[in-house]
Amino acid sequence: MISSAVLRGIGSLARTRTAFTAPLAVRCYSHAKVETDEEFDSRWVTYFSKPDLDTWELRKGMNTLIGYDLVPEPKILDSALRACRRLNDLASAIRILEAVKDKSGPHKEIYPYVIQELRPTLQELGISTPEELGIHKV
Amino acid sequence: MFTCTVSPTRSLSLSLSLSFHSPPTRVFSRSVSVNSPSRDIRIKLCTFFPPCIFLFVILSSLSSCLRKTMLHVTAGRIAGLLSRRGGAAFSSSSSRMASHGHVGVTEQADMSVPLYCDRLDTPLPDRPYKDTLSAADESLKQKEKGPWNSLSKEEKLTLYRMMFNETYAEMKKPTGEWKTVWGGIFFFIGLTGLVVLWQTHYVYPPQPPTFEDEWQAMQVKRMLDMRVNPVEGFSAKWDYEKGQWK
């Protein structure tokens, strides 16, 4: 926007060039396709749903997901918890719940919502929340 | 008129004629140090030393405050650079000794195997915390392969502690490091103050006579007699009829 204005100014000072008198609506954004939220969610649900997911892939997926600037949707977490069950890893399942609470940061309403959504899965798989085990505080 | 004598052993002395016919000035005929060479070195050292301590304080507090962030590396490097410039003699030789395998050196971690780390942004580290399991741990691990509903709370906790060292709550607990930082800052500021006090007594040359109250009074009278800034400044504030400040 600044560059086009400057160019237009220079164009008026020198000769008028058709290339510089382009309409304001043409902006210089990237042409890459932006992934929608649903596409992102389903991609990650598919990732964790792989039947022969190994421990490295679980760890890599979780660490990458936590690295993003977002709190994962309950359906992604459900898929990840089921992957923990397939790998017989209860500790990682509890760790994932702790990580979700940490990711919510100051937004204290996110974690109770996520737990509420995951409650059927937690009961089915027998995963205790950090609060139930008492490790949510020092 | 006034005469000006410069000698290497005595301070610059101005023999002024106090008749107020000429303004007090100094003749900068040549750039000669007014102090003795030894005093010169002392002055240079002592003016350099306190700012050095101060900078070191600020940087060490910076580096300790930013220990957990990426800026730690830059702050540490800057501190290292400055301390090296400040005095090579003061640098510790412990780092050099460590590479020669002397007694009392800490063991270095084997970087060729996956390491465990407690990090908020890495919920699942590269390896479990406890990798050598006792027989009881092994049997618990076997039980983990069955339905988790059959595990008690204590068993779940044991499994967690086998896999991880600190919980998220323990990782996030406050360290009280800020007390050390502030304490260090105040301590070194105080130390700097003591150094400056010592300097004022042992290093600084005697105060010029122009600082004395009598001289200042005579100077003010002279400035008023000269009508310095009579319109809006100095003499404008003096009431010449009443002989007092307005």
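Residues numbered from 1 in each chain as written. Chains lettered and ligands numbered in written order. Predicted model: local features only at pLDDT ≥ 70, side-chain atom pairs only at ≥ 80, totals over all residues. Heavy atoms only, no water.

- By the naming in an unreviewed UniProt entry, chain B goes by Cytochrome c oxidase subunit 4 and is assigned to Carassius auratus.
- Here is the UniProt Sequence similarities (unreviewed entry) comment for chain B, exactly as written: "Belongs to the cytochrome c oxidase IV family." (UniProt positions renumbered as here; feature names shortened; annotations may be inferred.)

- Looking at an unreviewed UniProt entry, one finds chain A named Cytochrome c oxidase subunit 5A, mitochondrial and attributed to Carassius auratus.
- Of the comments in the UniProt record for chain A, the one headed Pathway (unreviewed entry) reads "Energy metabolism; oxidative phosphorylation."
- The record held by UniProt for chain A lists under Subcellular location (unreviewed entry) the comment "Mitochondrion inner membrane".

Things to note about the overall build of chain A
Phase 1: In terms of helices and strands, chain A carries seven helices and zero strands.
Phase 2: Along chain A, from the amino end to the carboxyl end, the secondary structure elements read α-α-α-α-α-α-α.
Phase 3: Counting the 138 residues in chain A, one finds 38% classified as buried.
Phase 4: Taking all contacts inside chain A whose residues are at least 6 apart in sequence as the whole, residues at least 24 apart take part in 61%. (Helix = DSSP H or I, 4+ residues; strand = E, 2+ residues; numbered from the N terminus. Buried < 20%, exposed > 50% of the residue type's maximum accessible area, 1.4 Å probe, protein only. Contact = heavy atoms within 4.5 Å.)

Topic: unusual backbone geometry
Phase 1: Its identity is not glycine, yet A:Asn88 carries a phi of approximately 55°, on the positive side.
Phase 2: Of note, A:Asn88 is situated in the loop between helix 4 (74-86) and helix 5 (90-104).
Phase 3: Accessibility expressed as a relative area gives 24% for A:Asn88, which makes it partly exposed.
Phase 4: Of note in the backbone geometry, B:Arg227 takes a positive phi value of approximately 60° without being a glycine.
Phase 5: Residue classification places B:Arg227 among the partly exposed positions, given a relative accessible area of 43%.

Quick look at the UniProt feature "transmembrane region" (unreviewed entry) in chain B
Phase 1: As recorded in UniProt, the sites labelled "transmembrane region" (unreviewed entry) are residues 48-66 and 181-200 of chain B.
Phase 2: This span, residues 181-200 of chain B, is 100% helix and 0% strand, and a straight line between its end C-alpha atoms measures 29 Å.

A look at the packing of aromatic side chains
Each aromatic ring pair is summarised here by two numbers: the centre-to-centre distance and the angle between the ring planes.
Phase 1: The final tally for this structure, using the stated rule, is 12 aromatic pairs over all chains.
Phase 2: Seen in terms of ring centroids, B:Trp238 and B:Trp245 are 4.9 Å apart; in terms of plane orientation they differ by 85°. Their pairing is edge-to-face.
Phase 3: Of the aromatic side chains, those joined through ring pairs into one cluster are A:Phe40, A:Trp44, A:Tyr47, A:Phe48 and A:Tyr68.
Phase 4: If you follow A:Arg85 out to its NZ or CZ, it ends over the ring of B:Trp148, 4.2 Å from the centre.
Phase 5: A cation over a ring is seen here: B:Arg227 above B:Tyr240, with NZ or CZ 4.0 Å from the ring centre. (Phe/Tyr/Trp six-rings, centres within 6.5 Å; stacked < 30°, edge-to-face > 60°. Lys NZ or Arg CZ within 6 Å of the ring centre and 35° of its normal.)

Looking at the nonpolar core
Phase 1: Counting residues in each nonpolar core, the largest one holds 43 residues, and the members touching the most others are A:Phe48, A:Met62, A:Leu81, A:Leu97 and A:Ile127.
Phase 2: Secondary-structure elements contributing two or more residues to this core are helix 2 (37-49), helix 3 (55-67), helix 4, helix 5 and helix 6 (110-125) of chain A together with helix 5 (153-163) and helix 6 (168-171) of chain B.
Phase 3: Broken down by element, the residue count for this core peaks at eight residues, all from helix 5 of chain A.
Phase 4: What A:Phe48 contacts, discounting residues up to four positions off in sequence, is A:Leu53, A:Leu58, A:Gly61, A:Met62, A:Leu65, A:Ile76, A:Ser79, A:Ala80, A:Ala83 and A:Arg86. (Core = buried A, V, L, I, M, F, W, Y, C linked by side-chain atoms within 4.5 Å.)

Some thoughts on the pattern of salt bridges
All names here are of chain A.
Phase 1: Evaluated as defined, the whole model comprises 19 salt bridges over all chains.
Phase 2: The salt bridge partner of Lys 50 is Glu 57, with a shortest N-O separation of 3.4 Å.
Phase 3: Through salt bridges that share partners, Lys 50, Asp 52 and Glu 57 make up one connected network. (Salt bridge = Lys/Arg side-chain N within 4 Å of Asp/Glu carboxyl O.)

Describing the side chain of A:Ser104
Residues and elements named next belong to chain A.
Phase 1: With respect to the helices and strands, the residue Ser 104 is situated in helix 5.
Phase 2: What makes Ser 104 buried here is its relative accessible area of 4%.
Phase 3: The contacts of Ser 104, once residues within four sequence positions are left out, are Val 71, Ile 110 and Tyr 111.

Describing a negative patch on the surface
All names here are of chain A.
Phase 1: On the surface, Asp 37, Glu 38, Glu 73 and Glu 117 cluster together to form a negatively charged patch.
Phase 2: Its location among the elements puts Asp 37 in helix 2.
Phase 3: Residue classification places Asp 37 among the exposed positions, given a relative accessible area of 58%. (Patch = residues over 30% accessible without salt bridge, like charges linked within 9 Å, V, L, I, M, F, W, Y side chains within 5 Å. Areas by Shrake-Rupley, 256 points an atom, 1.4 Å probe, with all protein chains shown as cover. Lys, Arg positive; Asp, Glu negative; His and termini not counted. Charge placed at Lys NZ, Arg CZ, Asp CG, Glu CD.)

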